[in-house]
Amino acid sequence: MAIKKRPAAAAKGAAAKRSKKGQDGGSTRLAGMDTYEKAVLAEYVWLDAKQVPRSKTMTMSMLPTSVEGLRIWNYDGSSTEQADGHNSEIYLYPRAIFKDPFRGAPHILVLAEAYNAWDGEPAIGNTRAKCAEVMEKYEDLDPWFGIEQEYTLMKPGKVGETPTVPLGFNDDGSEPAPQGPYYTGAGYNVAIGRPVAEEHYFKCLEAGVKIAGVNAEVMPGQWEFQIGPCRGIEMGDHLTMARYIMLRVTESHKCICSFSPKPMDGDWNGAGCHTNFSVTPMREEGGFDVITKVCEAFGKVAAEHIAEYGEGNDKRLTGKHETCDINTFKFGVANRGASIRIPRETEKDGKGYMEDRRPAANCDPYRVTARMMKTTGECLNGEEEEAKPAETAAAADATAAPATAE
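Notes on the structure follow. (Residues numbered from 1 in each chain as written. Predicted model: local features only at pLDDT ≥ 70, side-chain atom pairs only at ≥ 80, totals over all residues. Heavy atoms only, no water.)

Next up on the list: the packing of helix H3 (residues 128-137) against helix H10 (residues 365-380). Interaxial distance between H3 and H10 falls to 9 Å at its minimum, and their mutual angle equals 25°. The angle between H3 and H10 falls in the class roughly parallel. Between H3 and H10 the crossing geometry is left-handed. Two secondary-structure elements touch here, H3 through Arg128, Cys131, Val134 and Met135 and H10 through Tyr366, Thr369, Ala370, Met373 and Lys374. When its residues are assigned to classes, the contact of H3 with H10 shows six nonpolar, one polar and two charged. (Axes fitted to C-alpha atoms, helices over the stretch in contact; angles between N-to-C directions. Helix = DSSP H or I, 4+ residues; strand = E, 2+ residues; numbered from the N terminus. Parallel < 35°, antiparallel > 145°, perpendicular 65-115°, else oblique. Left-handed = near helix turned anticlockwise from the far one by under 90°. Contact = heavy atoms within 4.5 Å. Nonpolar A, V, L, I, M, F, W, Y, C, P; charged D, E, K, R; others polar.)

Turning to the packing of aromatic side chains, a few remarks are in order. Enumeration according to the criterion identifies nine aromatic pairs in this entry. Ring plane angle 45° and centroid distance 5.8 Å describe the contact between Tyr151 and Phe225, whose orientation is recorded as tilted. Note that Tyr151 is positioned in strand S6 (residues 144-154) and Phe225 in strand S8 (residues 222-231), a separation of 74 residues in sequence. By relative accessible area, which is 2% here, Tyr151 ends up buried. Looking at Phe225, the relative accessible area reads 0%, which means it is buried. For the ring pair Phe329 and Phe331, a centre distance of 6.4 Å and an interplane angle of 55° mean the geometry is tilted. The pair Phe329 / Phe331 is uniform in exposure class, with both members buried. Ring pairing ties together the aromatic residues Tyr91, Tyr93 and Tyr115, which thus form one cluster. Its end group placed over the ring of Phe102, Arg248 keeps NZ or CZ at 4.1 Å from the ring centre. (Phe/Tyr/Trp six-rings, centres within 6.5 Å; stacked < 30°, edge-to-face > 60°. Buried < 20%, exposed > 50% of the residue type's maximum accessible area, 1.4 Å probe, protein only. Lys NZ or Arg CZ within 6 Å of the ring centre and 35° of its normal.)

Another aspect to go through is the environment of Met219. Mapped onto the secondary structure, Met219 falls in the loop between strand S7 (211-216) and S8. Spatially, the C-alpha atoms of Met219 and Tyr182 are 6.3 Å apart, while their sequence positions differ by 37 residues. What Met219 contacts, discounting residues up to four positions off in sequence, is Thr152, Pro166, Phe169, Gln179, Tyr182, Pro263, Met264, Trp268 and Asn269.

Throughout the structure, instances matching the rule amount to 19 salt bridges. Across the pair Glu113 and Arg95 runs a salt bridge, and its minimum N-O distance is 2.6 Å. One end of the pair, Glu113, is in strand S5 (residues 108-116); the other, Arg95, is in strand S4 (residues 89-99), and 18 residues separate them in sequence. With relative accessibility at 3%, the residue Glu113 sits in the buried group. Between Lys351 and Glu285 there is a salt bridge; the shortest N-O distance is 3.1 Å. With a gap of 66 residues between them, Lys351 in the loop between helix H9 (344-349) and strand S13 (354-356) and Glu285 in the loop between helix H6 (280-283) and helix H7 (287-300) connect regions that are remote in the sequence. Judged by its relative accessible area of 64%, Glu285 is exposed. One salt-bridge network, in which partners are shared between bridges, spans Arg95, Glu113, Arg128 and Asp237. (Salt bridge = Lys/Arg side-chain N within 4 Å of Asp/Glu carboxyl O.)

Attention now goes to helix H4 (residues 194-207). For H4, built from 14 residues, the straight-helix expectation of 20 Å at 1.5 Å per residue is met to within 8% by its first-to-last C-alpha distance of 20 Å. Every buried residue belonging to H4 is among Val196, Ala197, His200, Lys203, Cys204 and Ala207, and all of these are buried. The arc enclosing the buried residues of H4, seen along the axis, measures out at 130°, which places them on a common side. (Expected span 1.5 Å × (residues − 1). Arc of directions from axis to C-beta.)

These values are about where atoms sit, not about what they do.
Shown next, in the form of structure tokens:
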């Protein structure tokens, strides 16, 4: 039996109805367009098996007003180490929309979540799904996060190989002058890589990413940007998009962004992802006591937290370079050598937030925030398990050490 063709007018009418609701009309709508000149480009961004952002572009008939108006897409998971070649389809579910700072309006960036097409389970590398469950469970605590993302700009090596020399290190193989002048410094041969940091800053602002600031860090070629405050799952979404934008920016600056926690051996600072955190009881009167209680709870499961805080972190958390040894747990006011620092202002006000200084620069923000929220929620809701034999030394350090450079 011959298949009856749907009248073009009917197809356009249906697409128009969907468009009125702020939905992309898809291929049906595109087929009815004489030209794609006014089409909208959507760059779908997701994380692969190693938490590295990947992306590809879709042509859309119109600009959706929400993620519900975006299409579910797919890609070849066998090329991202998330599936086998004989069963490789991975679905992309849109979760957040950002403006595209590279192509400009009306084009967009779409943060998407990867799911296996064959069983509907989160794909390898998709830790957002579990994080969302934790955030939903404890949403009444209204968690706020702010992450300080350190990174190192590296000189390109061979294509496909991990770079080994930071930007700013001498071409003859000798090391630059010791750390000291580079942190928040200015000037040629001091603030090395500023054009990258500045462009990234403005691109994030244009995109709608909640970027709060930037500064040069302690090692040559090392910088930091801060994302937040963000609430719940939003923290991972905004940091993921900020990392993606950074990778895009470096494409035109002939350097590579490294999130390695220890990109250079020797007497050089590593790179972290200090995570500032609070829940409603911490921000209210009496919050300092709540913060202390939560810090003590963190100490009981210190090893479990470290396991979620990034690979290679043992090379960074040595007890030197403003870190606490990976096998020790302590917290204190204004102490940047502690696992968790409580700001001086928080102690003075009797409420505020805490800073977990252990997450590495390459950490997965969804795993980090989920773990922090899980421990906090169990602590404040009386769900804590009986204390396990300590795998790390837990000690509350209440010393009021003077603040030093972050």
